[in-house]
Every structure is written in structure tokens, then in C-alpha cells.
Amino acid sequence: MEAKTPSASCTVITDLVLPSETNPIGNLFGGELLARMDRAASIAARRHSRRIVVTASVNHVAFNKMIPLGSVVTVEANVSRAFTSSMEVYMDVWIEDRESGVKSKANEGIYTFVAVDEMGSPVPVPPIIPESALEKERFDAALRRKQLSLLLAKKIKPEDATELKALFE
Ligand SMILES: CC(C)(COP(=O)(O)OP(=O)(O)OC[C@H]1O[C@@H](n2cnc3c(N)ncnc32)[C@H](O)[C@@H]1OP(=O)(O)O)[C@@H](O)C(=O)NCCC(=O)NCCS
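One structure accompanies this document, and this report is about it.

About the cut-offs
Residues numbered from 1 in each chain as written. Predicted model: local features only at pLDDT ≥ 70, side-chain atom pairs only at ≥ 80, totals over all residues. Near = placed C-beta within 6 Å. Helix = DSSP H or I, 4+ residues; strand = E, 2+ residues; numbered from the N terminus. Nonpolar A, V, L, I, M, F, W, Y, C, P; charged D, E, K, R; others polar. Core = buried A, V, L, I, M, F, W, Y, C linked by C-beta atoms within 7 Å. Buried ≥ 20, exposed ≤ 12 C-beta atoms within 10 Å, placed from the backbone. Contact = placed C-beta atoms within 7 Å. Pairing = 2+ DSSP bridges. Axes fitted to C-alpha atoms, helices over the stretch in contact; angles between N-to-C directions.

A few points about the site of the ligand
Step number 1: Near the ligand there are 18 residues, and of these S57, F83, T84, S86 and S149 occur at the shortest range.
Step number 2: Contributing elements (two or more residues each) for the shell around the ligand: β2 (52–63), β5 (103–116) and α2 (133–152).
Step number 3: Looking at which element gives the most residues to the shell around the ligand, the answer is β2, with four residues.
Step number 4: Split by residue class, the shell around the ligand holds eight nonpolar, eight polar and two charged.

Considering the nonpolar core
Step number 1: By size, the foremost hydrophobic cluster in this structure holds 31 residues, and its most contacted members are A41, A45, V89, M91 and F113.
Step number 2: Those elements that place two or more of their residues in this core are α1 (30–49), β3 (72–82), β4 (86–96), β5 and α2.
Step number 3: What V89 contacts, discounting residues up to four positions off in sequence, is A41, A44, A45, A77, N78, V79, S80, Y111 and F113.

Some thoughts on the sheet that holds β5
Step number 1: On the basis of which strands lie adjacent, the open sheet formed by five strands has the order β1-β3-β4-β5-β2 and antiparallel pairing. With one partner strand each, in any of the chains shown, β1 (11–16) and β2 form the two edges of the open sheet. Across the sheet, the axes of successive neighbouring strands diverge by a mean angle of 25°, strand direction being ignored.
Step number 2: Where β4 lies against β5, eleven bridges are found, and the strand directions are antiparallel.

Looking at the pairing of β4
The side chains of a regular strand alternate, residue by residue, between the two faces of the sheet.
Step number 1: Most of β4 is tucked away, with eight of its eleven residues classed as buried.
Step number 2: As paired elements, β3 and β4 share nine bridges and run antiparallel to each other. By the bridge assignment, E76 is partnered in β4 with D92.
Step number 3: The antiparallel hairpin formed by β3 and β4 contains three residues in its connecting segment.
Step number 4: Between β4 and β5, which pair antiparallel and follow one another directly, the connecting turn spans six residues, one of which, G101, has a positive phi of 80°.

Right, dumping it as C-alpha cells:
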């Protein structure tokens, strides 16, 4: 399979925060942001693999900034690394200042998707070639995150999490 770049899967979804999507103090409800991220990430994983994809794991989400009612929110998703059938998708969430239009980073998240056939069985995906310094940094760290996710899911043993162990040596 021919390798692809992270930018080939780039998916950008921009939408408003409406009253029904807020928490009691008038900011975007966390679960709503998770759903928006899941949609953007699944499209990115589909663009990379050109297969059916399912969310296997939410590896990391940081809710760093509150996102007020009426905000314009942009989720940008890129496949940061492809393994055999799984893909890590990295998302950056931006909000836009109403007057200046300047975007600032609000949150980020990292999900894992698996490409499957019509029966739901995992199928191989193309490899990925990172280009920019940021893409390379995310690519390099993705194996550690995969091992951590598999360890927490009890799908590998601690002694097999070699990349993680190397962090503490
Ligand atoms: C995701 C799913 C296809 C994995 O099936 P499985 O039987 O564990 O398959 P495998 O063990 O062959 O794993 C397939 C890949 O998923 C990866 N994977 C499985 N669980 C993972 C986890 N918790 N974190 C990270 N990666 C995971 C494996 O490492 C493997 O990656 P690789 O092929 O790139 O090395 C299966 O668990 C599933 O269908 N889950 C439900 C998905 C779903 O419905 N999502 C929506 C939630 S509402």
C-alpha cells in the first residue's frame, strides 16, 4: 500500500456553540466537544484508509479552555501515525475571536481508529510519512501512546510496553 502524509487526511470541521450544547455555566458541554472530535477524527481516518473505521480508544483529551456559548469552534484532525490496522488521529481545537477573527488553541485530543471490513474485522491501512517537525514529533510519540492505551485496556503485558519502559530508564 502506498504511504500517505498526515496532511492528506486533514479534516476541518467548523461549527457554532448553540444553547442546547452548553453546560449550566454557559460553556460548551464536554461530551458535545468529544462528539465533534469523534466526527472529525473518523473522517480523517477514513480519508487515510479509504475503509470503514471504528473508534477503538480515546487516548487523551485536554479541556484546557472553556468555550463560551456562541463561539465558533474549529476541530482539525490529522492521522498522526498508522500501524497495521489502527490509526492514531490527533486533533487540535481552535476558537475564533469574534472581532479580530484570530484563532486560539482551546483544546486537543488523540483518538485511535481501526479500519475494518464489512464484518467488523480489522484490515491493513497505508503507512504514513510525517513531513513537518510537528508531524514527526506526533508520529514518534504515537507508539508510546498506543502501548499505554493497550496496557490500560489489558491487551498487552507491562513487559511488552517497551517504548513506555524506555521513558523511565
Ligand atoms: C476496535 C476493534 C475493531 C479492535 O478489535 P480487536 O479484536 O481488539 O482487534 P485486534 O486485537 O486485531 O486489534 C486491532 C487493532 O486495534 C488496536 N487496538 C485495539 N484496542 C485498542 C486500544 N484500546 N487502544 C489502542 N489500540 C487498540 C490493536 O493494537 C490493533 O492495532 P494494529 O493492527 O494497528 O496493530 C474492536 O474492539 C471493536 O470493534 N470495538 C468496537 C468499536 C466501536 O464500536 N466503536 C464505537 C464505540 S460506540
